[in-house]
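# Notes for the structure review
Here is how the chains run, residue by residue.
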Amino acid sequence: MKTVLLPSRATPFVSFRFLFETGSIDDPRGREGTAALAGAALAEGGTRKLSYEQLLEALYPMAAGIGVQVDREVTVVQGTVHADHLDRYYDLVRQVLIEPRFDLKEVSRLKDDQENALVAGLRATDDEGLGKEALMAMMYAGHPYGRPVEGTVAGLQAIGRDEVVAFRDAHLTQDRLTVGLAGRFPDAFADRVLADLAGLPTNGAVRPALPAPKKASGMEALVVTKPARAWAISLGHPIAVTRADDDFYPLFVANSYFGEHRTFNGVLMNAMRSLRGLNYGDYSYVEAFVQDGGSTFPLPNVGRRQQAFTIWIRPVAPAHAHFATRQAVRELRRLIESGLTRAAFEETREFLGHYDKLWVQTPSRRLGYAMDGAFYGTGSLPEELGRRLPSMTVDDVNAAIRRHLSAENLHLAVVADPDGAGPFVEALGANAPSPIVYETETRPEVVIEDRSIAVEKLDTDPRRCRVVPADTMFEV
């Protein structure tokens, strides 16, 4: 077991994070979805002493909860409680971790919920999520990252309670565990927690090696069809760096300049939304990004040993989808060919040097970022930026862009309506011009540039374009 401890007398709360290095990559073959189901059943399956209803009743007076977050490679059990309730709350957390009940009724309920999330949620109503997962399926074909954490329909239907228990025994083990505590906890409390967690299985299954992701040849397109008045577009390619690599940090600065999530700092957001009103959001990422609830900030503890550069464009009117794809690729080409100016670099570095403080506003988030540092063998992301930004140069950033980003070999995933998908793929594969028509008067300089964007060359080929119905995605 590893520990990350952030004691503080400045807060009345205590935050817990128990991070196990296991996730959907450990799903048994034919039982895809087991990791997510085991995590959910841990939090909602009751304990030996308490049913799930009794567990909720015990948590309610403390205004506290016990949550579980499962990703590709990491599972986190977490919660926060006022220090006045620490002993009572911790006893419940201990039971969840050491003495789970995995009640059959609750496991069955949670399995149904998980299948509904996949079929009635992701495939039917979550176009943004479906686009992102379709892109993952392309970039990581035949790779354990290439399916949703929720698994597949066939995999879920094959999972029984005994397999959930077996997964917990084999993967939620001491050797995969980092214990994190933050806030107002007594000096001896960490030792008490570690002693209790010695009740977990000592060693589990060997952590699997990851195969190399799939490199695109030119632009490869997957169009997933379902009823959709507006389309979701995702594109990108795997990259060879994570937070463990020095090049990640200049690339992170470049990405903030290009497509910072839900801000108007980014090139994409300004070029596509501000100037043209194409859609709501145009962002880019150099690592897996999960938004933390309704905030604009990333969720901590989504550590992965392999990462990808991705662009999200959504939602887009069908008539503008080809143009929007072209413009995103054109802006990416410009970034790679010209890089950041010195002024843009200085502005972005100044922004990030302040913005990263917002990611760690609570003890729980500070703890999450510190544990991510332990995952990658680094400091937390804000600590690494604070250490590296002062000496970083614009040349470092532009060199990292050229080493790791490509505008030529890209995977493209589009969630589109069935009637529009065929003509879109035909035009995409033929590299047909895609002029845009605005419903309101537009700046003359924008209209002039649009003529170039409409014929921006994409390395497409009809043989590399596929159309599949959404209800066939992630069946097996």
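See above for the structure.
This report concerns the structure included in the present document. (Residues numbered from 1 in each chain as written. Predicted model: local features only at pLDDT ≥ 70, side-chain atom pairs only at ≥ 80, totals over all residues. Heavy atoms only, no water.)

## Observations concerning the overall build of the protein
Rule in force here: Each helix is a run of DSSP H or I of at least 4 residues and each strand a run of E of at least 2, with the numbering of both proceeding from the N terminus. Here the globule rule reads 2.2 Å times residues to the power 0.38, and the radius of gyration is calculated from C-alpha atoms. Whether a residue is buried, partly exposed or exposed follows from its accessible area with a 1.4 Å probe, protein chains only, as a fraction of its type maximum: under 20%, in between, or over 50%, in that order. Residues are treated as being in contact if the distance between any of their heavy atoms lies within 4.5 Å. Counted as positive: Lys and Arg. Counted as negative: Asp and Glu. His and the chain ends are not counted at all. To locate a charge, take NZ of a lysine, CZ of an arginine, CG of an aspartate or CD of a glutamate.
Counting secondary structure elements, the protein contains 17 helices and 11 strands. At 23 Å, the protein has a C-alpha radius of gyration in line with the 23 Å of a compact globule built from 476 residues. Overall size of the protein, expressed as C-alpha extent along the three principal axes, is 70 × 50 × 40 Å. Counting across all 476 residues of the protein, residues that qualify as buried make up 58%. Sequence-distant contacts, at least 24 apart, represent 85% of the contacts inside the protein between residues at least 6 apart. Side-chain charges in the protein split into 53 positive and 63 negative, and the spacing between the mean points of these groups amounts to 2 Å.

## Regarding the nonpolar core
Test applied: The set of buried Ala, Val, Leu, Ile, Met, Phe, Trp, Tyr and Cys residues whose side-chain atoms join them within 4.5 Å is what this entry labels a nonpolar core.
Membership of the largest hydrophobic core comes to 70 residues, with the highest contact counts inside it found for Phe 16, Phe 18, Tyr 89, Leu 97 and Leu 197. Per element, the largest residue contribution to this core is eight residues, and it comes from helix H3 (residues 86-98). Residues contacting Phe 18, with those up to four places away along its chain left out, are Thr 75, Val 76, Val 77, Val 93, Leu 97, Leu 177, Thr 178, Val 179, Val 193 and Leu 197.

## A short note on helix H17 (residues 444-453)
Inclusion rule: Working note: the arc is built from the helix axis to C-beta atom directions.
Within the span of H17, buried status applies to Val 446, Glu 449, Asp 450 and Ile 453. Buried residues along H17 cover an arc of 115° about the axis, so they all sit on one side. More than 90 degrees from the buried face of H17, the exposed residues found are Pro 444, Ile 448 and Arg 451. In this structure, the buried side of H17 is in contact with helix H11 (321-338).

## Digging into the packing of aromatic side chains
Geometry of an aromatic ring pair is reported as the spacing of the ring centres plus the angle between the planes. To be explicit about the condition: Centres within 6.5 Å make a pair out of two Phe, Tyr or Trp rings, where for Trp the six-membered ring is used; the pair is then stacked when the planes are under 30 degrees apart, edge-to-face when over 60, and tilted otherwise. Criterion for a charge above a ring: Arg CZ or Lys NZ at most 6 Å from the ring centre, at most 35 degrees from the ring normal.
Per the stated rule, a full pass over the model turns up 19 aromatic pairs. Between Phe 16 and Tyr 90, the ring centres sit 6.2 Å apart and the planes meet at 5°, which makes this aromatic pair stacked. Here Tyr 90 lies in helix H3 and Phe 16 lies in strand S2 (residues 13-20), a separation of 74 residues in the sequence. We classify Tyr 90 as buried; its relative accessible area is 2%. The interplanar angle of 80° and the centroid separation of 6.2 Å between the aromatic rings of Phe 289 and Trp 312 together place this pair among those described as edge-to-face. Within this pair, whereas Phe 289 is found in the loop between strand S8 (281-285) and strand S9 (307-316), its partner Trp 312 is found in strand S9, the two being separated by 23 residues in sequence. There is no split in this pair, since Phe 289 and Trp 312 are both buried. Through a chain of ring-to-ring contacts, three or more aromatic side chains come together here, namely Phe 248, Tyr 249, Phe 252, Phe 297, Phe 351, Tyr 355, Trp 359 and Tyr 369. The ring of Tyr 145 is capped by Arg 304, whose NZ or CZ atom sits 5.8 Å from the centre of that ring.

## Considering the pattern of salt bridges
For clarity, the cut-off: Note on definitions: salt bridges are taken to be side-chain nitrogens of Lys or Arg within 4 Å of carboxyl oxygens of Asp or Glu.
Across all of its chains, the model carries 43 salt bridges by this definition. Among the ionic pairs, Arg 243 bridges to Asp 372, the shortest N-O distance being 3.8 Å. Remark: Asp 372 occurs in helix H13 (residues 363-376) and Arg 243 occurs in the loop between strand S7 (231-239) and helix H9 (248-259); sequence separation between them is 129 residues. Like Asp 372, Arg 243 is buried. Through salt bridges with shared partners, one network takes in Arg 276, Arg 330, Glu 331, Arg 333, Arg 334, Glu 408, Glu 449, Asp 450 and Glu 456.

It is worth stressing that arrangement in space is one thing and function is another; only the former is reported here.
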